[in-house]
Structure formats: structure tokens, C-alpha cells
Amino acid sequence: MASNQPAPEAPAPFRTGGPGEDGRTWEEWNPTEDSLRPVRGRHRVAKQRGFARSSTVLGVGVIAAVGAGGMASAQSKPPVSISLPDSIADNLPDAKSLPGVGAFMSADQAKDAVTGASPLTTAGITAAEAESGTTDAGEALRARILQQAEQQQAGAEAEVRAAEEKAAAEEAAAQAAKQQSAAEAKAAAKKKAAEEAAEKKAEAERLAKLAASYAIPTSSYTITSTFGQSGSMWSSGHHTGLDFAAPTGTPVKAVHSGTVKSAGWSGSYGYRTVLELDDGTEVWYCHQSSMDVTAGQKVSTGDTIGRVGATGNVTGPHLHLEIHTADGSGIDPMGWLRGKGLSV
């Protein structure tokens, strides 16, 4: 039955091209905006972001593969060479700039690994490793990593040893300094003790020599009052000399050689003799019962110049001894006698 509908339109004409592999003739198809429908849903094709980016990703993958430990699995397989077109190789990054890769590859090795000048399984192997018989890149990388770790460990241990040695040296130096200080202190103390002993000996010798030229003013005595002692018995309120209590008539001696300056009655002092020494020091002998010298007479150490008595202001027989310096000041007779090497 014939249809009144118009026949469908023929498809757009194809330009005749060359014959295909199956002998059929193909024509070029020139799609237009009207002849294409937009692809929707999951069948949409993502836009390409440029050949340079994809080539960079490919290069990074190739170089990363060189350093991967998985290359060890290629040991039993024949070496595989990977070559890239010049357009790709020219856009690959420098392997030396990639983290974790450049430290294990020279510039020539990185170039060979990227451009395919050497098999992938041997890429990254140094000349020394190749000469030693290493043919597997993964094992070479592993060996280098272990070597680097050992070197770092050795360096750390060396630093620890150096620090310990330095600390030990400092401790030894401090101990030596401490010992030296102790030795110096001991030597100084010993030296000081020796100096003090020498000074003491020299003083003893000096006093012994002085004692040979000085004498105790009387004998068989007892010290009853000392210099500076306070009391109402003395008009000045304190004692001005040293009292040697002894029986009446006990000899009174010259303590040192000198000249008799005066000899006679002197009020509360009773009979008093004043002996002047060569340095101007005056020795007063008071309360004597009698005097055996006169003014101007020269005497020597130990000469008898009078007798113990109880004349003047006294409470019993004794020798009242006073020492006056050249300027007339009264000093302690006991200290003066001891300074001359005498034991009072």
C-alpha cells in the first residue's frame, strides 16, 4: 500500500576519501552545531588540560618508578628500555629537582632514566655500582639508602663520642685544677706554718738573748696587784705599777744596765730608786726598806740596788715596780718584762 508520506531525507553527504582497510570508501564527516547533541550525564568527557601537564605527570611517574623498591621484581626479567618522543622528553622536569630522587642520581643518570637511553631496570646505577656487578636499580637504591642511614648513624655516634670525650676532658681538667688548687693551698699552708715557726723561733731567740741581758727585779715573790687595777687604796683610783710581795730585806736587782737617775724618799712611794736605761726608759723601785746606790751611779743587769720594805703608803712589805717610757707615759710592767724574754 503506497504511503502518501514524503520519503526521509538522505543523510548529509560525505566527502569521498581514500579506501579503508576493508576496501570500503570513507568520507570525511563535518559535524555542525545542529547535528550534534550535547552529551549529558556520566558520558560527559572532561576537558583536556594541555599536553605539557600530562607529559610532566608521565615524566614524574617514570622517574619515581626508578627509585621505587618494587623495581626489584624486574630482576628476573630482561631489561626494558623506555623511549619517549622528543616533544614529551623536552617537557619533562629535571630529575635532580625531584624530592627523594635527585640525591641518588647524577645528572646523566637522571637524563638517561627519563629519555630511555638506558634500560629502566638499570637506571640510576652509578658507574662504581655497575663495575661492582650491580644490575638492579631497586637493589642499588636500597643499598644506597642503607649506606646513607649507616653514615648518618655513624655520624650521630661520632658526635656522641665527641661530646662524651669533651665532657670527660673538661671533667679531667676541672679535677686537675681542683687538685692543683688543693696542692697549692696545702703548699701555701705549709709555707705559712714554716714561716710562722721560723718567726716564732726567731722571736724566741731574740727573747732569749734579751733575757740574758735582763733580770727579774726580786726573788721569792708573789704578784699581789697588777697594772690598771682599780681601787680606793690608790690616789689615782687605779694601780700604776706591778707589786711583788716579798719578805722585808729581800734584795732588789737592776733589771738592765743603766744609770741611777735618783735615789731617796718620795712621799707615798717611800724610798724610791729611779734607774734610767740607755733607750730613755725609766724603772721605778718603790717602798724599799733601804737603798744601796746613789744618783749618777752606773749599774749592770742583776746588780743589787736596794731591799724590799714597807715604806710609804703600803699595807705590807713589797716592791712596787713602775715602767715609764722616754716621754713619761706609764706602761704595764708585766708586759714590758715579758717583752724582754722574762717570765713573770
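Residues numbered from 1 in each chain as written. Predicted model: local features only at pLDDT ≥ 70, side-chain atom pairs only at ≥ 80, totals over all residues. Heavy atoms only, no water.

### Overview of the overall build of the protein
Helix and strand content of the protein: six helices and twelve strands. For the protein, with 344 residues in total, the buried portion stands at 26%. Once local pairs closer than 6 in sequence are excluded, the contacts in the protein between residues at least 24 apart make up 57%. Of the roughly 22600 Å² of accessible surface on the protein, a fraction of 54% belongs to carbon and sulfur atoms. (Helix = DSSP H or I, 4+ residues; strand = E, 2+ residues; numbered from the N terminus. Buried < 20%, exposed > 50% of the residue type's maximum accessible area, 1.4 Å probe, protein only. Contact = heavy atoms within 4.5 Å. Areas by Shrake-Rupley, 256 points an atom, 1.4 Å probe, with all protein chains shown as cover.)

### Describing the side chain of His320
Following the sequence through the fold, His320 ends up in strand E11 (residues 318-324). With a relative accessible area of 5%, His320 lands in the buried category. With residues near it in sequence (within four places) discarded, His320 still touches His239, Thr240, Gly241, Leu242, Asp243, Tyr269, Trp284, Tyr285, Cys286 and His287.

### Some words on unusual backbone geometry
For Ser220, which is not a glycine, the phi torsion comes out positive at approximately 50 degrees. Inspection of the secondary structure assignment puts Ser220 in the loop between helix H5 (137-213) and strand E3 (222-225). Positioned with a positive phi, His287 is a non-glycine residue whose angle comes to about 65 degrees. Looking at where His287 falls in the secondary structure, it is placed in strand E8 (residues 282-291).

### Brief notes about the pattern of salt bridges
Under the definition given, this model contains three salt bridges. Two residues, Glu282 and Lys261, come together in a salt bridge whose shortest N-O distance is 2.6 Å. In this pair, Glu282 is assigned in strand E8 and Lys261 in strand E6 (residues 258-265), connecting sequence segments 21 residues apart. (Salt bridge = Lys/Arg side-chain N within 4 Å of Asp/Glu carboxyl O.)

### A short note on the pairing of E11
By the criterion of burial, E11 is predominantly enclosed, with seven of the seven residues buried. Residues His318, His320, Glu322 and His324 point to one face of E11 and Leu319, Leu321 and Ile323 to the other, with burial holding for every one of them. In terms of strand pairing, strand E4 (residues 242-245) meets E11 through four bridges, oriented antiparallel. Note that in E11 the partner of Phe244 across the bridge is Leu319. Relative to E11, E8 runs antiparallel, the two sharing five bridges. Paired with Trp284 across the two strands is Glu322, which belongs to E11. By the bridge criterion, two bridges tie E11 to strand E12 (residues 330-331) in an arrangement that is antiparallel. (Pairing = 2+ DSSP bridges.)

### Thoughts on the pairing of strand E7 (residues 271-277)
Of all seven residues making up E7, five are buried, and the element is well covered by its neighbours. Both E6 and E7 contribute to a ladder of seven bridges, which runs antiparallel. Bridging across to E7, Trp265 finds its partner in Tyr271. What sits between the antiparallel neighbours E6 and E7 is a turn of five residues, in which Gly267 has the positive phi angle 60 degrees. As judged from the five bridges shared by E7 and E8, these two strands associate in the antiparallel manner. Along E8, the bridge assignment pairs Leu275 with Val283. Connecting E7 to the next strand, E8, in antiparallel fashion are four residues, including Gly280 with a positive phi near 95 degrees.

### Considering the environment of Ile331
Within the secondary structure layout, Ile331 lies in strand E12. It is 9.3 Å that separates the C-alpha atoms of Ile331 and Gly228, two residues lying 103 residues apart in sequence.

### A closer look at the side chain of Thr218
Within the fold, Thr218 resides in the loop between H5 and E3. A distance of 3.1 Å separates the side chain of Thr218 from the backbone oxygen of Pro251, its partner in a polar contact. If we ignore the near neighbours within four places in the chain, the residues touching Thr218 are Phe244, Thr250, Pro251, Val308 and Leu319. (Polar contact = N/O pair within 3.5 Å; in protein donor to acceptor, adjacent residues only side chain to side chain.)

### Observations regarding the confidence of the model for the protein
When the pLDDT values of the protein are averaged, the result is 77; 61% of them are 70 or greater. Within the model, pLDDT remains below 50 along residues 12-17, and this stretch shows 14 contacts once partners closer than five positions in the same chain are excluded. Predicted confidence is poor over residues 50-58, with pLDDT under 50, and the contacts of this stretch with residues over four places away or in other chains come to nine contacts. (pLDDT = per-residue confidence, 0-100.)

### Side note on the packing of aromatic side chains
On inspection of all chains with the given rule, the structure shows four aromatic pairs. When the centroid spacing of 5.0 Å and the interplanar angle of 75 degrees are considered together, the rings of Tyr221 and Phe244 count as edge-to-face. Of this pair, Tyr221 sits in the loop between H5 and E3 while Phe244 sits in strand E4, placing them 23 residues apart in sequence. The cationic tip of Arg272 hangs over the ring face of Tyr269; the distance from NZ or CZ to the ring centre is 5.7 Å. One Lys or Arg, Arg272, reaches over the ring of Trp284 and ends 4.6 Å from the middle of that ring. (Phe/Tyr/Trp six-rings, centres within 6.5 Å; stacked < 30°, edge-to-face > 60°. Lys NZ or Arg CZ within 6 Å of the ring centre and 35° of its normal.)

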